[in-house]
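The lines below spell out each chain.
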There are 2 protein chains.
Amino acid sequence: MMLSRASKYAILSTLFLAEHVKDKKKISVKVIAESIDVPSPFLAKLFQQLVKGKIISSTKGPNGGFYLTKSNQKKSVLDIIENIDGLNRLNECFLGLSECDGSNPCPVHFIVEPFKNSILGKFRDKNIMEFSEEIVSHGRKLSLKDLSPEFDKK
Amino acid sequence: MMLSRASKYAILSTLFLAEHVKDKKKISVKVIAESIDVPSPFLAKLFQQLVKGKIISSTKGPNGGFYLTKSNQKKSVLDIIENIDGLNRLNECFLGLSECDGSNPCPVHFIVEPFKNSILGKFRDKNIMEFSEEIVSHGRKLSLKDLSPEFDKK
DNA sequence: TTTATAAAAGATAAAAAGGTCTTAATATAT
DNA sequence: ATATATTAAGACCTTTTTATCTTTTATAAA
């Protein structure tokens, strides 16, 4: 019922890519890592895995970097989590009981269950772009620095 | 927004003590560890800390073990969590953002917040015995083995 | 008062998570 | 073609969490 730091980084940085799809530029690990304040070698590892999992795309070389294809843009946040943490982690009982369901619930099962459904639903049903658009439309800024000054340098 | 395994063990085993308050017998680490299927040296360490934190009580020697005084029985689940994990862990943003509140929310803030309030409320406002009674009255059995056969041996 | 029993204390070890570094591969621009 | 920028791959390191082991201390029963 909780995300690893790795998953969180992966979600935030993929949302970052989503926010910048319109820029039609590839973005390097370094830029993203600095923007969302994450250790860049660690993020690089995560990105390797996300590329393998076809969640994001990359090209090497000058002006290379990471980006989202049309196909990538249809992935959900849950796809990211699944790719990094697997799904077990999210389905575990809040109190760690091995058997925990409606017929044999842990003490907080009926508090946790609606929340879990709600958040998993959101993570499953909205694709990356919709998720990103919702953030923007609600004026909910991720605590990511604005990328534009970096681009301007070139 | 998530408990360590240590906290989970601590909660379950304290609830176990609560369920057996009426038996008026002290219970050893070994019995509890086997009942809730937790490594007993690890639980022993946790219990040391819970005793120091005055969440539970202990006596050494023959027929010694752990138990809840009247005062212990008034502690909340949140007291246990605070004693083992501290409170920070529960208050962290679901996506790991350093700044995340109503005025600068992360993408899932408004899903997570009501849940967090609900579960923290429950953990804060119910004391151990009330919590335990609720479990029993709802027929929600923890996946703890029944202790009675162990007692019968003596 | 001796002995058995159980927790306390503290050192140590193993596993998992998080993070870094180095080298290789590859795409692009010149 | 070559130099350069960038990801890919994989080995390695560090920290935190989880777990164990050994010795000491306290209690209570016989």
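Let us look at the structure shown here. Since the model is a prediction, treat every value here as computed from it, not as a measurement.

### Observations concerning helix H2 (residues 29–36) of chain A
Residue and element names in this part refer to chain A.
Turning to step 1, where the next piece is worked out: Across the 8 residues that make up H2, a large majority, 6, are buried.
Turning to step 2, where the next piece is worked out: Taken residue by residue, H2 has Val-29, Val-31, Ile-32, Ala-33, Ser-35 and Ile-36 as its buried positions.
Turning to step 3, where the next piece is worked out: Of the surrounding elements, those touching the buried residues of H2 are helix H1 (5–19), helix H3 (40–52) and strand E2 (65–67).
Turning to step 4, where the next piece is worked out: Looking at the residues trailing H2, positive phi occurs at Asp-37, about 60 degrees.

### Digging into the interface of chain B and chain A
Turning to step 1, where the next piece is worked out: Contact residues are listed per partner, giving 32 residues for chain B and 31 residues for chain A.
Turning to step 2, where the next piece is worked out: Between chain B and chain A the total buried area reaches about 3000 Å² when both faces are included, carbon and sulfur atoms providing 75% of it.
Turning to step 3, where the next piece is worked out: The interface formed by chain B and chain A includes 0 salt bridges.
Turning to step 4, where the next piece is worked out: Joining chain B to chain A, the criterion identifies 0 residue pairs in polar contact (both at pLDDT 80 or more).
Turning to step 5, where the next piece is worked out: When contributions to the side of chain B that touches chain A are tallied by element, the ones reaching two or more residues are helix H1 (5–19), helix H7 (109–125) and helix H8 (128–137) of chain B.
Turning to step 6, where the next piece is worked out: Of all the elements, H7 of chain B adds the most residues to the side of chain B that touches chain A, at 8 residues.

### Thoughts on the protein's contact with DNA strand C
Turning to step 1, where the next piece is worked out: Looking at DNA strand C, there are 26 residues lining it, with Arg-5 of chain A together with Lys-45, Gln-48, Ser-58 and Gly-61 of chain B nearest.
Turning to step 2, where the next piece is worked out: Here a base nitrogen of DNA strand C and a side-chain polar atom of Lys-45 of chain B are 2.3 Å apart.
Turning to step 3, where the next piece is worked out: Residue Pro-62 of chain B places a main-chain N or O atom 3.4 Å away from a base oxygen belonging to DNA strand C.
Turning to step 4, where the next piece is worked out: At 4 residues, the largest contribution of residues to the surface near DNA strand C is made by helix H3 (residues 40–52) of chain B.
Turning to step 5, where the next piece is worked out: Here the surface near DNA strand C is composed, by residue class, of 10 nonpolar, 10 polar and 6 charged.

### Here's the deal with the environment of Leu-15 of chain B
All names here are of chain B.
Turning to step 1, where the next piece is worked out: You can see Leu-15 is positioned in helix H1.
Turning to step 2, where the next piece is worked out: Classification of Leu-15 as buried rests on a relative accessible area of 1%.
Turning to step 3, where the next piece is worked out: A sequence separation of 51 residues divides Leu-15 from Phe-66, and the C-alpha atoms of the two residues are 12 Å apart.

Scoring rules and cut-offs
Residues numbered from 1 in each chain as written. Chains lettered and ligands numbered in written order. Predicted model: local features only at pLDDT ≥ 70, side-chain atom pairs only at ≥ 80, totals over all residues. Heavy atoms only, no water. Buried < 20%, exposed > 50% of the residue type's maximum accessible area, 1.4 Å probe, protein only. Helix = DSSP H or I, 4+ residues; strand = E, 2+ residues; numbered from the N terminus. Contact = heavy atoms within 4.5 Å. Buried area = accessible area lost by both parts, 1.4 Å probe. Salt bridge = Lys/Arg side-chain N within 4 Å of Asp/Glu carboxyl O. Polar contact = N/O pair within 3.5 Å; in protein donor to acceptor, adjacent residues only side chain to side chain. Near = heavy atom within 4 Å. Nonpolar A, V, L, I, M, F, W, Y, C, P; charged D, E, K, R; others polar.

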